[in-house]
Every structure is written in C-alpha cells, then in structure tokens.
Amino acid sequence: MPPSEAELLAAAETAHEQAYVPYSSYPVGAALQAADGTVYTGCNVENANYSNSLHAEEAALGSAVSDGVRAFERLAVVSAAADGVTPCGMCRQTLAEFCGEDFVILCGSADGTERYTLGELLPETITKAHLDAAKEGQQ
C-alpha cells in the first residue's frame, strides 16, 4: 500500500535529520515515492568546495535508480527551517528526466503542506524529445 501524504512527509523529516551540513546549517530531507509505493529517502551532503555537495532530492533519486527504479509518483521535501523549500532548478531538471509535468511535489512548511506539480515548478523543461528533435534537424 502506498504511503499517505503524511507518511511521505514524515519520511522526508526523518531523512533531514541525517543531513551533513557543516557549512550552510540548512538540513534538507527528501522522500521519493516510486510507482510501486516504495519510498527512497535522501538528505543533503555538503562538501567544503560546495560544488561537490549532494542535494536531498538527487540523493533519493540516485538510490532509487541504483535499485533499477525508473517510475515515480511523488516527492516530499522538507527543511529544518520548515520554510516550504522546493527543489532547486538542477533537481527539478533531474526529476524531469524520469517524471512528467504532472509529477506531484509536496513541500513541508510551518503552515502546512504546499503542493506543486513539476510542470508548475519547471515549465518548458528540456527533455529527450527536445534533443532528439535537434538531432533530426541537423541531419
């Protein structure tokens, strides 16, 4: 049975407690629900050079993909600040590799849960179809 919205947010809350954030002090957790109901979690992992840091969403997605999962239902993201954090642009584009524009993203805040679709957060996404069309135009 797939997790409820509250259970998915709780999994993201638990994940953010494992974050390694000695530079920003901004822990983030993510819980990604696969199409079969399995939940993959991730937290942000910072690095002194910043560019090698991992975002919670990409950590959860990487775990799922390494298990062979390619279909997802929704994502929950929370921060310790309970500020309604959304995935950054890079994470949105990475999610778009596997998820359609109707993919649901739940963002926990002190005022409750904000709900978005990937299409709302990232309109006009670059997709494989764009790249295929560009290749065809070059031939």
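Above this text is the structure in question.
Notes on the structure in this doc start here. (Residues numbered from 1 in each chain as written. Predicted model: local features only at pLDDT ≥ 70, side-chain atom pairs only at ≥ 80, totals over all residues. Heavy atoms only, no water.)

1. Looking at the sheet that holds strand β2 (residues 39-43)
Thinking step 1. With mixed pairing, five strands are arranged side by side in an open sheet as β2-β1-β3-β4-β5. The sheet is open, and its two borders are formed by β2 and β5 (112-117), each paired with just one other strand. Strand-to-strand, the axes of this sheet are offset by a mean angle of 20°, without reference to chain direction.
Thinking step 2. Pairing between strand β1 (residues 28-34) and β2: five bridges, direction antiparallel. Paired with Gln 33 across the bridge in β2 is Val 39.
Thinking step 3. Taken strand by strand, helix α2 (residues 56-66) contacts β1, β2 and β3 (72-79), and its axis lies near 140° from that of β2. (Pairing = 2+ DSSP bridges. Helix = DSSP H or I, 4+ residues; strand = E, 2+ residues; numbered from the N terminus. Axes fitted to C-alpha atoms, helices over the stretch in contact; angles between N-to-C directions. Contact = heavy atoms within 4.5 Å.)

2. As for the packing of aromatic side chains
Thinking step 1. As enumerated under the stated definition, the model contains two aromatic pairs in all.
Thinking step 2. Consider the rings of Phe 72 and Phe 98, whose centres lie 6.2 Å apart with planes at 90°: the pair is edge-to-face. Taken together, the residues span a long stretch of sequence, with Phe 72 in strand β3 and Phe 98 in the loop between α3 (89-96) and β4 (104-109) at a distance of 26 residues.
Thinking step 3. Its relative accessible area of 10% is what places Phe 72 among the buried residues.
Thinking step 4. Exposure remark for Phe 98: the relative accessible area of 27% places this residue in the partly exposed category. (Phe/Tyr/Trp six-rings, centres within 6.5 Å; stacked < 30°, edge-to-face > 60°. Buried < 20%, exposed > 50% of the residue type's maximum accessible area, 1.4 Å probe, protein only.)

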